[in-house]
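Survey of secondary and tertiary structure
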Amino acid sequence: MTPAANHRAVTMRDVLRARQRIAATIRRTPMAASSSLEKILGAPVFLKLEHCQVTGSFKLRGAANAVFSLSDADKERGVVGVSTGNYGRALAHAARQAGVRCIICMSRLVPANKVEAVRALGAEVRILGESQDEAQEEVDRLVAEEHMIMLPPFDHPDVIAGQGTLGLETMEDCPEAGTLLVPLSGGGLAAGVALAAKTLALNIRVVGVSMERGAAMHASLQAGKPVQVREYPSLADSLGGGVGLDNQYTFAMVRDLLDDVVLLSETEIAAGVRHIYWKEGEIVEGAAAVGVAAILAGKVKAKTDAPVVALLSGRNIDHALHYRIISGEDVDLAAE
Ligand SMILES: *Cc1c(COP(=O)(O)O)cnc(C)c1O
């Protein structure tokens, strides 16, 4: 398929259907005005508090839509994944809701609290090998030999449509929005949100925000095709990882729908987490703070005086790390 054809693989109809399909499982998250950020930016700023989503991130929207969309035969087979982060939690929760078996494969290096979090959500955890690659081999085996279904974290039409429901809600909450700031990694969130927002508001600007080091989608957009980048430890750990060299959907959608991509240093991301805690009273992870961080860093401007909306995408941060950041420490994980 050409990228142009892929582009139509997800439509607004899919987003509307996703919303119905997942309505009973997800929380409709609140939108809050931020007077502190309005003073800094000189235009109204709203925060979509999606870190309050069930399982602690928007990833539940896409995972639930993908699991609930499976045929009965595929539901019988069960689903597998390798994510130890927000997607693993979301997949485990969605599968339990649907009564579908779920196995998450992890390497022995994954910290015990992450293993427990996934297990507590009802998934079977399989711990093997010393790397993510070895865990992936077990997933491949489960798919090949036990015919389980692998649902990827972003590059899948049902996942993108599910994330699109966040764009739909955001535009209902703030129809006059002029700019949306969306955390950007594999691009499932940005693709879905941009699709919904641009269907509902023709002139809206959608800006992706990533960390400076290891921003795979940004590098891919620059190269004109999906490329691999070196990974670095980041406060925005949920934005790490590649876009997949065989990317089918999100690369083309992000390329065609996003107006701009902004990159942030670790210091800037930390300032975002700090501001959201001290001024907004919310605990978020680094990846969720990038929109606010971009405003604080002066890297986004309002379009006339139309509101700017930042999506706070998740809250799953190690509390000791969060404490260090809000205490003012200039944390650089790459140097630790
Ligand atoms: C996964 C994730 C993102 C990025 O989503 P993509 O669809 O991979 O671009 C942003 N924030 C949080 C909290 C996440 O878990």
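Calculation notes
- Residues numbered from 1 in each chain as written.
- Predicted model: local features only at pLDDT ≥ 70, side-chain atom pairs only at ≥ 80, totals over all residues.
- Heavy atoms only, no water.
- UniProt positions renumbered as here; feature names shortened; annotations may be inferred.
- Phe/Tyr/Trp six-rings, centres within 6.5 Å; stacked < 30°, edge-to-face > 60°.
- Near = heavy atom within 4 Å.
- Polar contact = N/O pair within 3.5 Å; in protein donor to acceptor, adjacent residues only side chain to side chain.
- Areas by Shrake-Rupley, 256 points an atom, 1.4 Å probe, with all protein chains shown as cover.
- Nonpolar A, V, L, I, M, F, W, Y, C, P; charged D, E, K, R; others polar.
- 1 Å grid on protein atoms, 1.4 Å probe; cavity = no way out; pocket = protein on both sides within 12 Å on 5 of 7 lines; lining within 4 Å.
- Points joined across faces, edges and corners; volume = space filled by probe spheres on them.
- Helix = DSSP H or I, 4+ residues; strand = E, 2+ residues; numbered from the N terminus.
- Buried < 20%, exposed > 50% of the residue type's maximum accessible area, 1.4 Å probe, protein only.
- Contact = heavy atoms within 4.5 Å.
- Axes fitted to C-alpha atoms, helices over the stretch in contact; angles between N-to-C directions.
- Parallel < 35°, antiparallel > 145°, perpendicular 65-115°, else oblique.
- Pairing = 2+ DSSP bridges.
- Right-handed = clockwise from strand over helix to strand, strands pointing away.
- Domains from an automatic or database assignment.
- Buried area = accessible area lost by both parts, 1.4 Å probe.

As recorded in an unreviewed UniProt entry, the protein chain goes by the name Hydroxyectoine utilization dehydratase EutB, listed as coming from Oceanidesulfovibrio marinus. If you open the UniProt record of the protein chain and go to Cofactor (unreviewed entry), you find "pyridoxal 5'-phosphate".

With that settled, consider the packing of aromatic side chains. Two measures describe an aromatic ring pair: the distance that separates the ring centres and the angle between the ring planes. Evaluated as defined, the whole model comprises one aromatic pair. Centre to centre, the rings of Tyr277 and Trp278 are 4.9 Å apart; their planes meet at 85 degrees, and the pair counts as edge-to-face.

If you check the shell around the ligand, you find 16 residues, and the closest are Lys59, Asn86, Gly187, Leu189 and Ser313. At 2.7 Å, a side-chain N or O of Lys59 approaches an oxygen atom of the ligand. Separating a nitrogen atom of the ligand from a side-chain N or O atom of Ser313 is a distance of 2.7 Å. In isolation the ligand has 380 Å² of accessible area, and contact with the protein removes 97% of it. Looking at the shell around the ligand residue by residue, the classes come out as six nonpolar, eight polar and two charged.

Summed over all chains, the structure comprises one cavity of 30 Å³ or more. The volume enclosed by the largest cavity comes to roughly 40 Å³. Partitioning the lining of the largest cavity into residue classes produces six nonpolar, three polar and no charged.

Mapped onto the fold, Thr25 is located in the loop between α2 (12–22) and β1 (31–33). On the basis of relative accessible area, Thr25 is assigned to the buried category, the value being 10%. In this view, Thr25 contacts Val54, Leu60, Ala64, Phe68, His93 and Gln97; residues no more than four positions away in its chain are not counted.

With their axes 8 Å apart at the nearest point, α2 and helix α9 (residues 157–173) run at an angle of 90 degrees to one another. As far as their axial angle goes, α9 and α2 are roughly perpendicular. Residues Met12, Asp14, Val15, Leu16, Ala18, Arg19 and Ile22 of α2 lie in contact with α9, whose contacting residues are Ala161, Gly162, Gly164, Thr165, Leu168, Glu169 and Glu172.

So, about the environment of Ala201. Relative to the assigned elements, Ala201 resides in the loop between α10 (188–200) and β8 (205–211). You can call Ala201 buried: its relative accessible area is 15%. Residues Ala201 and Pro175 lie 26 residues apart in sequence; the distance between their C-alpha atoms is 7.7 Å.

In summary, the side chains of a regular strand alternate between the two faces of the sheet. With six of seven residues buried, β8 lies mostly within the body of the structure. Two strands pair when backbone bridges link them, and strand β7 (residues 179–183) and β8 are joined in this way by five bridges, in the parallel orientation. Bridging across to β8, Leu180 finds its partner in Val206. Once you follow β7 into α10 and on to β8, the crossover reads as right-handed. Where β8 lies against strand β9 (residues 260–264), five bridges are found, and the strand directions are parallel. Among the inter-strand pairings, Met211 is bridged to a residue of β9, identified as Leu264.

This part takes up the domain arrangement of the protein chain. As far as domains go, the protein chain holds domain 1 (4–57 + 156–335) and domain 2 (59–150). Taking the mean C-alpha position of each, domain 1 and domain 2 sit 24 Å from one another. Every contact between the two is made by 24 residues of domain 1 and, on the other side, 16 residues of domain 2. Carbon and sulfur atoms make up 51% of the area that domain 1 and domain 2 hide from each other, which totals about 1,700 Å².

A few words now on the sheet that holds β1. Pairing within the open sheet is mixed, and its six strands lie in the order β1-β2-β10-β7-β8-β9. In the strand order of this sheet, the two ends are held by β1 and β9, each with one partner. Averaged over all pairs of adjacent strands, the angle between strand axes in this sheet comes to 25 degrees, irrespective of strand direction. Where α9 meets the sheet, it contacts β1, β2 (45–48), β7 and β10 (308–311), and its direction lies at approximately 140 degrees from that of β2.

With that settled, consider the UniProt feature "domain: Tryptophan synthase beta chain-like PALP" (unreviewed entry) in the protein chain. Here the UniProt feature "domain: Tryptophan synthase beta chain-like PALP" (unreviewed entry) sits at residues 24–314. The span residues 24–314 is 43% helix and 14% strand, and its two end C-alpha atoms sit 20 Å from each other.

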